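Each chain, letter by letter, is given below.
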Amino acid sequence: MGHTRADWSEHYTEGRNFRRLGNEERSLLAEHAPAPEGGRALDACCGTGELAAYLASLGYTVDAVDFTDSAIARAREEHAGIEGVRWLRLDIERDDSAPLHAEGYDLITMRLAYPFVRDRGRIVHGLGERLRDGGALVVITPTVENTPSERRDIALDEDELTLLGAGWATVERLDADGLAFLVLRGPCHRDTRAIEKRPTTGHALTGALAVVTDDGGRVLLGRSHLGMLELPGGKTTGPEDFASAAVRELAEETGLVADPGDAHVVTMLVDDSHGIPRLTAVVRITTWTGTLTTAEADKFDRWEFFDLHALACVGDVFVPAALAIDSVWPGVIPDLPPVVSYPLAADPSPVPGEPAEAVRLRQAMAQTVIDGGWAPSEPVRSALRTVPRHRFAPEVNLADAYDGGDRAVITRRDETGRAISSVSAAWLQADMIESLRLRPGAIVYEAGSGGYNAELIAHAANGRVVSVDIDPWVVRRTRAFLTEAGSGRVTAVEADAALGAPAHLVPRGGFDGSVITYNCWDISPPWRDQLAEGGRLVMPLEMGGYTRAIEFERRGEVLHARRFTYCGFVRDQGQQGRPAPVVPLLDGALALRFDDGPAVGAQGLEEALRGRRHEVATGVTMRAANSYFGSLQLFAATTVPGFCRLAAHQEPAEPVTGIAKDRDAPAILGEASLAYLIHVQTKDSDRREDKEWEWFAYAFGEQGPELAERLVATVLAWDRHIRAEANDEHADPVLSAYPAGTPDDALPAGDVLDKVNCRLVFRWPGRDVVLPGPVERPVADAVAEGV
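Residues numbered from 1 in each chain as written. Predicted model: local features only at pLDDT ≥ 70, side-chain atom pairs only at ≥ 80, totals over all residues. Heavy atoms only, no water.

## Some points on a nonpolar patch on the surface
Then, number 1: A cluster of nonpolar side chains, namely V270, V340, Y342 and L344, defines an oily patch on the protein surface of about 330 Å² accessible area.
Then, number 2: Looking at the secondary structure, you find V340 in strand 17 (residues 340-343). (Patch = residues over 30% accessible without salt bridge, like charges linked within 9 Å, V, L, I, M, F, W, Y side chains within 5 Å. Areas by Shrake-Rupley, 256 points an atom, 1.4 Å probe, with all protein chains shown as cover. Salt bridge = Lys/Arg side-chain N within 4 Å of Asp/Glu carboxyl O. Helix = DSSP H or I, 4+ residues; strand = E, 2+ residues; numbered from the N terminus.)

## A short note on the layout of surface pockets
Then, number 1: Taken as a whole, the second largest pocket encloses approximately 1100 Å³ of empty space.
Then, number 2: If you go around the second largest pocket, you meet 48 residues; those closest to its centre are S97, R130, H309, E357 and L398.
Then, number 3: Going through the elements one at a time, helix 5 (120-129), strand 5 (131-141), helix 9 (356-371), helix 11 (398-401) and helix 14 (472-485) are the ones with two or more residues in the lining of the second largest pocket.
Then, number 4: Top element by residues in the lining of the second largest pocket is helix 5. It accounts for 6 residues.
Then, number 5: Partitioned by chemical class, the residues of the lining of the second largest pocket number 19 nonpolar, 12 polar and 17 charged. (1 Å grid on protein atoms, 1.4 Å probe; cavity = no way out; pocket = protein on both sides within 12 Å on 5 of 7 lines; lining within 4 Å. Points joined across faces, edges and corners; volume = space filled by probe spheres on them. Nonpolar A, V, L, I, M, F, W, Y, C, P; charged D, E, K, R; others polar.)

## A word on the confidence of the model for the chain
Close inspection of predicted coordinates is inappropriate in any region flagged by low pLDDT.
Then, number 1: Overall, the prediction assigns the chain a mean pLDDT of 90, with 94% of residues at 70 or greater.
Then, number 2: Throughout residues 769-787 the model reports pLDDT below 50, and contacts reaching past four residues in sequence, or to other chains, amount to 46 contacts. (pLDDT = per-residue confidence, 0-100. Contact = heavy atoms within 4.5 Å.)

## With respect to the packing of aromatic side chains
Then, number 1: In the structure shown here, the tally under the stated rule is 11 aromatic pairs.
Then, number 2: Ring geometry for F392 versus Y452: centroids 6.2 Å apart, planes at 50°, classification tilted. With a gap of 60 residues between them, F392 in the loop between helix 10 (378-386) and helix 11 and Y452 in helix 13 (residues 452-461) connect regions that are remote in the sequence. Comparing F392 with Y452 shows no difference in burial state: the two are buried.
Then, number 3: What links up through ring pairs into an aromatic cluster is the set F392, Y452 and F481. (Phe/Tyr/Trp six-rings, centres within 6.5 Å; stacked < 30°, edge-to-face > 60°. Buried < 20%, exposed > 50% of the residue type's maximum accessible area, 1.4 Å probe, protein only.)

## Digging into the packing of helix 10 against helix 13
Then, number 1: Following both chains from N to C, one finds helix 10 and helix 13 inclined at 135°, their axes separated by 8 Å at the closest point. Taken as axis vectors, helix 10 and helix 13 run oblique relative to one another. Crossing of helix 10 over helix 13 shows right-handed handedness. Of helix 13, the residues touching helix 10 (which contributes P379, V380, S382, A383, L384 and T386) are Y452, L456, H459 and A460. (Axes fitted to C-alpha atoms, helices over the stretch in contact; angles between N-to-C directions. Parallel < 35°, antiparallel > 145°, perpendicular 65-115°, else oblique. Left-handed = near helix turned anticlockwise from the far one by under 90°.)

Laid out in structure tokens, this is it:
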């Protein structure tokens, strides 16, 4: 019998069955996979449902799935009296998994079906990701040893059984009346390694590798007899060009047919194998036909398509194949050996292909952003629904790529593990694009690349984007993803984005809008100078260490803030990157951070911190529902002279200061004295909304009481003039950014915060109220640079 959906449907329609569930199988399931309280099970490829019914008798709530309607129809009919089973028509290899239980399963079974699965590695990995902690995947399958030769296609040999168990924390193999009964537990993860083959006797190696994806965007890999994954490909023959060689090898090895016109040499890779020079052409094949087969059974066990996000845990991959994959999707395989890459000026069309689940998750993400009020305009809504976010973050699974909440996808970290590049949360991207207020056909400057945000802008404006990043790896990645999934309306440039766009890319009259996608301590002059009059600059600006995404409108040489959004981004890596000066205290348990202005001496502070703590209650309280105090932080940072932050880095500091580890508090200094703000829980309750906190000023040192009163007055002014019950309704200041060097008498009234390139003038509501003057403190005489 064949293995197509039609064949299986005919099989079940004609009333045929498979081997009945044996007593030994039942006993092993009851012994090794007993149902926990509230246990859920998934019976994949359930057929007529005998196993699913038995799992229900063990106490499981069962999802039983099969890809044929006739099998599910028979299962419902033959087990009509069984409770606790949900019968679903679903193809686990191709269909959207939305009907499956979102919180996972304690047991997943696959009986007499695994040999018929095409993409075995992908399916096992995906099923493993659906297991709850402590759960098990049970695979019951015939073995070659116990199967007649004419039916070996329904059985697994020892190599396949070993491969099935690879990567699991524990593998228990039992016998069930001649069937292999495998119990797999723990995460299904094998770190990917790029490995070489045996040394060659040649003087040099040249070859072409074909990168092919299916209609779900998955990449084709073959598992060779050498125990590694490889791309289709091989050596050129005679005067054959690389693209033709890749097409020929694809057909010879896999049975898939492509036209050389659909094969594009995108990169040449230069490395060596055991000291022998090697040149590899990476050939991206955009269109193919045919049925996947293992045409060269003497070299390969099978070919299958793999999810990109799973390539970090597939085990051994041949080095050139791993490097070729990285040239198309940088970052999906970690820790690769060095290679010299020569990208070519090939211009292949974007390659379509995404699973049905991606479409559903993208619509859900867009709706979450829309429901949150972050995307009021139809162009931005359309961009969220259309641009394939997951294709710009291929190293994570679809659920993480399309998370509609605050989650950003980290795509690059530095040597310390700090995030330095990411795909930002979708709601924040939508909000910043809305703030650009773009007209159709707009040309936009983007500082900080990645591809997805730029494509959103290009789609929303039906215009063009110039995207600049200082990191060569990020630019290479952006260009690769734009080639794969872009619209052709984004230009990625490698440069320090603080210097603006290259002159030849700046439109006459300036950019219609500019967006900065990383935290900035200052406003770079080219961002203003390259912006059209009346255009919007949207950027995350740090003020006193607190970041807001601000919508600025250019009016001449002045930028006027029109809107503020709470946010957080990765830090600037360019010439404007500025580590905050810090002064460590108590052997590093605490630190004073001076995000604006010079660090000052801390003489006597450590002795003061060992003394009595002075506490002053403000009488200003908050509940969980309105606990966000970011407006208080920014108000204090921009109105209190000598503002700094007191940060706690170790738990021992907490009893002294009340500041939790890795948190900080608004603070001011005096002579051997300091005071800072902290919120203290004053009312507990079983109901979160009934809990209450009050703001206190804590102080140390002789001048502590006076400093504390200064902070109390700040909190009272904030409470009276700035604060609102709803977190998103706090009053924002009137803010203008003037060029550095603007004289004081040319500035409007307000609180001034000086940066290197600009002077920020804040006018807060109620600031005509006179607050106590600053307490005198010593002149700066000690500065420590830190991060």
